[in-house]
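Survey of secondary and tertiary structure
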Amino acid sequence: MGSEHQLRREIVKMGRALHERGFIAACDGNLSVRLNDERVLVTPTGMSKGGMHSADLVIVDMEGQRVKGRREMTSEIGMHLLIYRMRPDVRGIVHAHPPTATGFAAAGLALNQPLVCEVVIGLGQIPLAPYGTPGTPELAQTLEPLVPDYDAILMANHGVVTYGADLHSAYMKMETVEHFAQIALVTHILGQQQLLDRPDLEKLVAARSKYLGVNSAAPMPVHSSNGNGGRLSRRSRARSSRTVLREPAMRFEN
Ligand SMILES: [Zn+2]
């Protein structure tokens, strides 16, 4: 783990990356890192996360009281503290509103279909938490049942939160969620989804431990079917399995 100085720079850098990728607009989003058992470094409210300086960040205690910093802390501090309390393995959190994933969240759709092997390995699935009013305890309450089992959660009519062993891994998960949402959207446009089947899912879940960066303690279950997916004929499934067998060995770039 880096020094406080390094961690401040990391938050500034990741805030800029979120803004450059269009994952946040105006003053949206917030980021944090766990400094130690009692202190969390968080972004301020009311400013673009694409243009922060190290000195804009705020240190808070685990009760959400400001310990250091001139600015007001993020109004979503309750969500960050909930995740740090429930997940001792987590040291970095990113909250943003990436447009495609947030579109799913606004449509009431979880990203829970096994469409892409790397996403099954990395995140399992991305569930949808019910809506909770931003800046109130309600928001954290809606996430609470999901936090122990998932590293990325869609927040209905709002956005996405991701977290990991450090801020960089939390940020990478945010990129993965938005990228996967774009792929899922294309399958919706094409009008069909070819889901990975149960034996292939079991192999992917078993392979998780081999990949660097996939170190969550969460069981991350996967669903082999739900609702609008998997409406394929027996013939097209047979065809797809032949295609899969010809594929080269899976690469996982992290
Ligand atoms: Zn938000």
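For the structure itself, look to the data block above.
Residues numbered from 1 in each chain as written. Predicted model: local features only at pLDDT ≥ 70, side-chain atom pairs only at ≥ 80, totals over all residues. Heavy atoms only, no water.

Some words on the coordination of the zinc ion
- Coordination sphere of the zinc ion, protein contribution only: His95 (NE2), His97 (NE2) and His158 (NE2), at 2.0 to 2.1 Å.
- Positions of the donor residues of the zinc ion, expressed as sequence spacing, correspond to H-x1-H-x60-H. Highlighted residues: His97 in the loop between β5 (92-96) and α3 (99-107) and His158 in the loop between β7 (152-155) and β8 (159-164), separated in sequence by 61 residues.
- Assessed through its relative accessible area of 12%, His158 is described here as buried. (Donors = N, O, S within 2.8 Å, 3.2 Å for Na, K, Ca; no water. Helix = DSSP H or I, 4+ residues; strand = E, 2+ residues; numbered from the N terminus. Buried < 20%, exposed > 50% of the residue type's maximum accessible area, 1.4 Å probe, protein only.)

A word on the packing of helix α1 (residues 4-20) against helix α6 (residues 167-190)
- Axis separation between α1 and α6 bottoms out at 10 Å; the angle between their running directions is 10°. In terms of their interaxial angle, α1 and α6 are classed as roughly parallel. Taken together, the residues of α6 that come into contact with α1 (itself represented by Glu10, Ile11, Met14, Ala17 and Leu18) are Leu167, His168, Tyr171 and Met174.
- Classifying every residue of the contact of α1 with α6 gives seven nonpolar, one polar and one charged. (Axes fitted to C-alpha atoms, helices over the stretch in contact; angles between N-to-C directions. Parallel < 35°, antiparallel > 145°, perpendicular 65-115°, else oblique. Contact = heavy atoms within 4.5 Å. Nonpolar A, V, L, I, M, F, W, Y, C, P; charged D, E, K, R; others polar.)

Comments concerning the pairing of β5
- Across the five residues that make up β5, a large majority, five, are buried.
- Residues Gly92, Val94 and Ala96 of β5 are buried on one face, and the alternating residues Ile93 and His95, pointing to the opposite face, are buried as well.
- Strand direction decides the pairing type here: strand β1 (residues 30-34) and β5, joined by four bridges, are antiparallel. By the bridge assignment for β5, Ser32 is matched with Ile93.
- Examined bridge by bridge, β5 and β8 share five bridges and lie antiparallel to one another. Of the residues in β8, the one forming a bridge with Val94 is Thr162. (Pairing = 2+ DSSP bridges.)

Looking at the sheet that holds β1
- The strand order across the open sheet formed by eight strands is β4-β3-β2-β1-β5-β8-β7-β6, and the pairing between neighbours is mixed. Whereas interior strands pair on both sides, the edge strands pair on one side only; in this sheet they are β4 (66-68) and β6 (128-129).
- When strand β3 (residues 58-61) meets β4, the two strands line up antiparallel, connected through two bridges. In the sheet register, Val60 faces β4, and the bridge partner there is Arg66.

In short, geometric facts, not functional conclusions.
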